[in-house]
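Geometric and topological summary
One-letter residues, chain by chain:
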Amino acid sequence: MEIFVHDTAFMIAYYRAQHEEVSKDPYAHLWLRPGLEKWTNEFARHVSSKDDILHCLRNRFFYEELRKLTAEHDKLLLLNLGAGFSMYPYALPDHLETIEVDFTEVAQYKELKTTEFNNLGRLPGRKVLHLHGDITNASDQKRFSELLAPYKDHTKVVLIEGVFFFLSEAQITSTLNFCEQVLTTGDQLMCVSFDDALKQTAVFNRLTLYFSEVLKSENNPYTTLPHSYYRELDAFQLIRQSSSVQLGKELAVIEPNLDENDVLNEYFYVLERR
């Protein structure tokens, strides 16, 4: 079964729907389609059996972070770069405004389906703008920046999850420079990446093999970053750090003795614009 990389958005939504009490995503089920269970079972056998719950914990972490921000700010803008089929705005208070950016086929499909779901009464009404483009491209960054002009009186938060692994370090630098330009003092940047240590593990080797052989995805940089990368950013201060394994143990939804080197443990970073 050949599956293209962007179809992983359906797989991650399937994960969130299977563990709704953990993910806190009551709308992930809207993206379910035939074949996902077979695919996720295959991934669990060949790569990692914990990937489903760990992805739910990623969603849970950022849901809670955004929920706190919506309680603190009456005018809050979420800029979600590489949004996929995440459903944060629909699970959060309606004063949150959201701009989602992704590649054309994903952004257009999501806009079409969320409009359909809304018209059918399956989604609450929310202020969500869907943009398509490449977040690492200078001309697209300029276009996105111009579209942010009406939100000067809003507190802003940029969310980038499930993206850095597929970007080169130069592309990551370009993306973070864009974030530096559009955010002002006190705004937040939330990022996800794998730690460098993951590259020394068997599960990492299984993952990259799966991407190349099953997903037919070539030329991916599979970028990992050390924790120090975020601490040393000049424009941002690291204010909070966690991981899927850490949060899972705190919530008692994974085994307390689980070794992070045996799973695809993603790290979460919350930074504040200096």
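Residues numbered from 1 in each chain as written. Predicted model: local features only at pLDDT ≥ 70, side-chain atom pairs only at ≥ 80, totals over all residues. Heavy atoms only, no water.

1. Quick notes on the overall build of the protein chain
Of the regular secondary structure elements, the protein chain holds 11 helices and seven strands. For a compact globule of 274 residues, the expected C-alpha radius of gyration is about 19 Å, and the protein chain comes in at 18 Å, within 12% of that figure. Dimensions of the protein chain along its principal axes, counting C-alpha atoms only, are 50 × 45 × 40 Å. A burial count over the protein chain gives 55% of its 274 residues as buried. The contacts of the protein chain with a sequence gap of at least 6 include a subset with a gap of at least 24, amounting to 77%. Each charge class in the protein chain was averaged separately, 28 positive and 41 negative side chains, and the resulting centres sit 3 Å apart. (Helix = DSSP H or I, 4+ residues; strand = E, 2+ residues; numbered from the N terminus. Rg over C-alpha atoms; globule rule 2.2 N^0.38 Å. Buried < 20%, exposed > 50% of the residue type's maximum accessible area, 1.4 Å probe, protein only. Contact = heavy atoms within 4.5 Å. Lys, Arg positive; Asp, Glu negative; His and termini not counted. Charge placed at Lys NZ, Arg CZ, Asp CG, Glu CD.)

2. Considering the packing of helix 3 (residues 36-46) against helix 9 (residues 202-213)
When two helices pack together, their arrangement is given by the angle between the helix axes and the distance between those axes. At a minimum axis separation of 10 Å, helix 3 and helix 9 run at an interaxial angle of 135°. If you check the angle between helix 3 and helix 9, you find them oblique. Between helix 3 and helix 9, the residues in contact are W39, E42, F43 and H46 and R206, L207 and Y210, respectively. (Axes fitted to C-alpha atoms, helices over the stretch in contact; angles between N-to-C directions. Parallel < 35°, antiparallel > 145°, perpendicular 65-115°, else oblique.)

3. A few points about the environment of L207
Here L207 shows up in helix 9. Each C-alpha atom, one on L207 and one on V47, is 5.6 Å from the other, the two residues being 160 residues apart in sequence. Ignoring any residue separated from it by four or fewer positions in sequence, one finds L207 in contact with F43, V47, F165 and L264.

4. Here we look at the pattern of salt bridges
Scanning all chains against the criterion turns up 13 salt bridges. When the shortest N-O distance is used, the salt bridge between R240 and E65 registers 2.8 Å. Taken together, the residues span a long stretch of sequence, with R240 in strand 6 (residues 236-243) and E65 in helix 4 (residues 51-72) at a distance of 175 residues. Exposure remark for R240: the relative accessible area of 31% places this residue in the partly exposed category. One salt bridge connects K142 with E146, and the closest N-O pair in it is separated by 2.6 Å. Taken as a pair, K142 and E146 lie in helix 7 (residues 138-147) at a separation of four residues, close to a single helical turn. (Salt bridge = Lys/Arg side-chain N within 4 Å of Asp/Glu carboxyl O.)

5. Focus on the sheet that holds strand 1 (residues 76-81)
With mixed pairing, the seven strands of this open sheet are ordered in space as 3-2-1-4-5-7-6. Two strands lie at the open edges of the sheet, namely strand 3 (127-132) and strand 6, each paired on one side alone. Averaged over all neighbouring strand pairs, the angle between strand axes comes to 20°, with direction disregarded. With five bridges joining them, strand 1 and strand 4 (residues 155-160) adopt parallel strand pairing. Paired with L78 across the strands is V157, a residue of strand 4. (Pairing = 2+ DSSP bridges.)

6. Quick notes on the packing of aromatic side chains
Applying the stated criterion to the full structure yields 19 aromatic pairs. Note on W31 and F85: the rings are 4.2 Å apart at their centroids and 5° apart in plane angle, and the pair reads as stacked. Of this pair, W31 sits in the loop between helix 2 (20-23) and helix 3 while F85 sits in the loop between strand 1 and helix 5 (88-91), placing them 54 residues apart in sequence. There is no split in this pair, since W31 and F85 are both buried. Judged by centre distance (6.2 Å) and plane angle (45°), the ring pair of W31 and Y109 falls under tilted. Placement of the pair is W31 in the loop between helix 2 and helix 3 and Y109 in helix 6 (residues 104-119), with a sequence separation of 78 residues. By relative accessible area, which is 2% here, W31 ends up buried. An aromatic cluster is present here, built from F165, F166, F194, F204, F211 and Y222 joined pairwise through their rings. The residue whose ring lies beneath R33 is F10, and the NZ or CZ to ring-centre distance is 3.8 Å. Sitting over the ring of F236, R273 keeps its end group 6.0 Å from the ring centre. (Phe/Tyr/Trp six-rings, centres within 6.5 Å; stacked < 30°, edge-to-face > 60°. Lys NZ or Arg CZ within 6 Å of the ring centre and 35° of its normal.)

By themselves, these are just geometric observations and shouldn't be taken as functional.
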